[in-house]
Amino acid sequence: MPLRKLVQRLAVPLALAWALTGCVTIYQPLVTLQRPAVINPEYNNFDGLQLLLRCLPTDYTDSGDSEILCQNLRTLFTNQGATVQVEVPEAELPPAEEGTARPDLVIELTSKQLHSENSALLWVLCYASLTLIPAVTEATFAQDVVLRDADGFLLGSESLQGRFVRYFGLGYWGINALMDLIVRPKEEKLTGAAAKTDFSRDFYGQLSQLAFHARMRQLVLRGFEAPIAASPKPTLNPAALPGLAPSPTEFTNPFAAPGRAPK
Amino acid sequence: MTGATRLSAALLATLASGCAYDPAPGITQTKAYSRNLECDRVSQAHAHELYPGKVPDLPPRGSYSNIDALVCTTRLAEPGERAARDEVILTSLRQTVGQITRLASALAPDQTTWHVDAFYPQPTVAQKISVAARIDLAERGHQVSDRVPVLAAGDIAVLARLSAAKAYPLACRRYFAEKVLAENDAFLGLMIIDARETDLHAGICLRGEWKWLR
């Protein structure tokens, strides 16, 4: 069969397959990201804190991506009461204002790709089956976070790791869309923006928690020089994120706790 | 079964399973199950060392592709079984306590007898923390006492009104003044200072002087 005729015959089904096919991106937290966060990022956790965010571009993220990351995090910490400065090497950010306060806390973020997979064979099978067999692409990443004080003293560090698996194909998308519609509860849905929402919740929750630990460690090692926000007040919509329940009032003086009475 | 039927069955199986042995959430696995795993990406050679029966060794003549494995372990407690803060503290307890005792043991002479207590809102978790610290100190070859230093009711009444910044140093001075702790005794306290924390702080009381470790 001449190639032209073959292309003509396949053109319609292929176009139809393309038109109908969908992507399902699945997010899986690998290290630290799935850890429960106690802090609620909707509360005033960093009242009066001078924070410097430094997003360092790497082979995996260019200065544009780093700038977007830093801007998103600026919003996260500003909403929690901190005064945030952003520093992205090589990015065209406006220079810091004259007389900017010395930061209390410096957060350095570096992203790297640990693994990626994109099988050519699966793409061939995917097209050959009119996308009934999904083509799978996968990326595992690490977001390294280092927290220091203004003098460079290390207050904490963590590597947050996760992976995104993207399934391309009508079959996989169709089954998941149906399951989301009929079977799965809201928090178990996989299609749509579920991966993005889940990742944002984990990432912002863990970063807030890490920053809070660093802040507390700094205060303890300095002998509690600066006051901390003792009674956090909500600064945003009080509808709490799932898994981030606030519990600021349950803590009491350790010597007043039950079981502390003299025996 | 004809060849075409077999192929269809295989394709359907692939389609239904998504990707075999993949711990990511999907058609057969829930997000909750997947979130209860702690996974680490390791090379094929290392995965073979860990699980020789499951992961084949590297081919002797090398491989064109770079293969690695995700090694996942299920966490001990099911999600939601423990309070969020208890879960984080207990999951990393061994590591945290190890760091604290390493710091603490460097500050006291070898002949010191160690007393340990944990200040945590839930008494059962506090008990686990102090036992973990005692065991770790004993494993490092130190003399560890089961006795928890206790102050008089009047002292407790005063301490209960103070902030953590003042309460611990004062308690330490009182332990020494009341001879609850002697010259050769050291007291290691592990605590949470703010309810929003999931990381333990620690301090050491030596000869009436309190020193924060972290």
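Just so you know, these numbers come straight off a predicted model, no measurement behind them. (Residues numbered from 1 in each chain as written. Chains lettered and ligands numbered in written order. Predicted model: local features only at pLDDT ≥ 70, side-chain atom pairs only at ≥ 80, totals over all residues. Heavy atoms only, no water.)

What follows is about the overall build of chain A. If you tally the helices and strands in chain A, you get five helices and six strands. When the helices and strands of chain A are read in sequence order from the N terminus, they spell out α-β-β-α-β-β-α-β-β-α-α. In chain A, which comprises 263 residues, the share counted as buried stands at 46%. Within chain A, residue pairs in contact and separated by at least 24 positions form 76% of the contacts whose partners lie at least 6 positions apart. When the accessible surface of chain A is summed, it comes to about 13,400 Å², and 59% of that surface belongs to carbon and sulfur atoms. (Helix = DSSP H or I, 4+ residues; strand = E, 2+ residues; numbered from the N terminus. Buried < 20%, exposed > 50% of the residue type's maximum accessible area, 1.4 Å probe, protein only. Contact = heavy atoms within 4.5 Å. Areas by Shrake-Rupley, 256 points an atom, 1.4 Å probe, with all protein chains shown as cover.)

Our focus in this paragraph is the overall build of chain B. Within chain B, the secondary structure is distributed over eight helices and seven strands. A compact globule built from 214 residues should have a C-alpha radius of gyration of about 17 Å, whereas chain B, at 26 Å, is more than 25% larger. When the 214 residues of chain B are sorted by exposure, 44% land in the buried category. Residue pairs at least 24 apart in sequence account for 62% of intrachain contacts in chain B once pairs closer than 6 positions are excluded. Between the mean site of the 24 positive side-chain charges and the mean site of the 23 negative ones, chain B shows a separation of 3 Å. (Rg over C-alpha atoms; globule rule 2.2 N^0.38 Å. Lys, Arg positive; Asp, Glu negative; His and termini not counted. Charge placed at Lys NZ, Arg CZ, Asp CG, Glu CD.)

Another point: the environment of B:Val144. All names here are of chain B. Summarising the element assignment, Val144 is placed in strand E4 (residues 143-144). Here Val144 falls in the partly exposed class, since its relative accessible area comes to 26%. Aside from chain neighbours lying at most four places away, what touches Val144 is Trp114, Arg134, Leu137 and Ala138.

In the structure shown here, the tally under the stated rule is three disulfides over all chains. Disulfide pairing places A:Cys55 opposite A:Cys70 at an S-S distance of 2.0 Å. As the torsion about the S-S bond is roughly 100°, the A:Cys55-A:Cys70 disulfide counts as right-handed. Of this pair, A:Cys55 sits in strand E2 (residues 50-56) while A:Cys70 is found in helix H2 (residues 63-78), placing the two residues 15 residues apart along the sequence. Taken individually, A:Cys55 and A:Cys70 each receive the classification buried, so the pair is uniform in this respect. Paired through a disulfide, B:Cys39 and B:Cys72 show a sulfur-sulfur distance of 2.1 Å. The disulfide joining B:Cys39 to B:Cys72 has a torsion of about 110° about its S-S bond and is therefore right-handed. (Disulfide = S-S within 2.5 Å.)

Residues and elements named next belong to chain B. If you walk across this open sheet you meet the five strands as E4-E3-E5-E6-E7, and the pairing is mixed. In the strand order of this sheet, the two ends are held by E4 and strand E7 (209-212), each with one partner. Here four bridges tie strand E6 (residues 201-206) to E7, and the two strands are oriented antiparallel to one another. Its bridge partner being in E7, Ile204 is matched across the sheet by Lys211. In this fold helix H5 (residues 93-105) packs onto strand E3 (113-119), strand E5 (185-191) and E6, with an angle of close to 150° to the strand it touches most, E5. Where helix H6 (residues 123-139) meets the sheet, its contacts fall on E3, E4 and E5, and the angle it forms with E3 comes to roughly 155°. (Pairing = 2+ DSSP bridges. Axes fitted to C-alpha atoms, helices over the stretch in contact; angles between N-to-C directions.)

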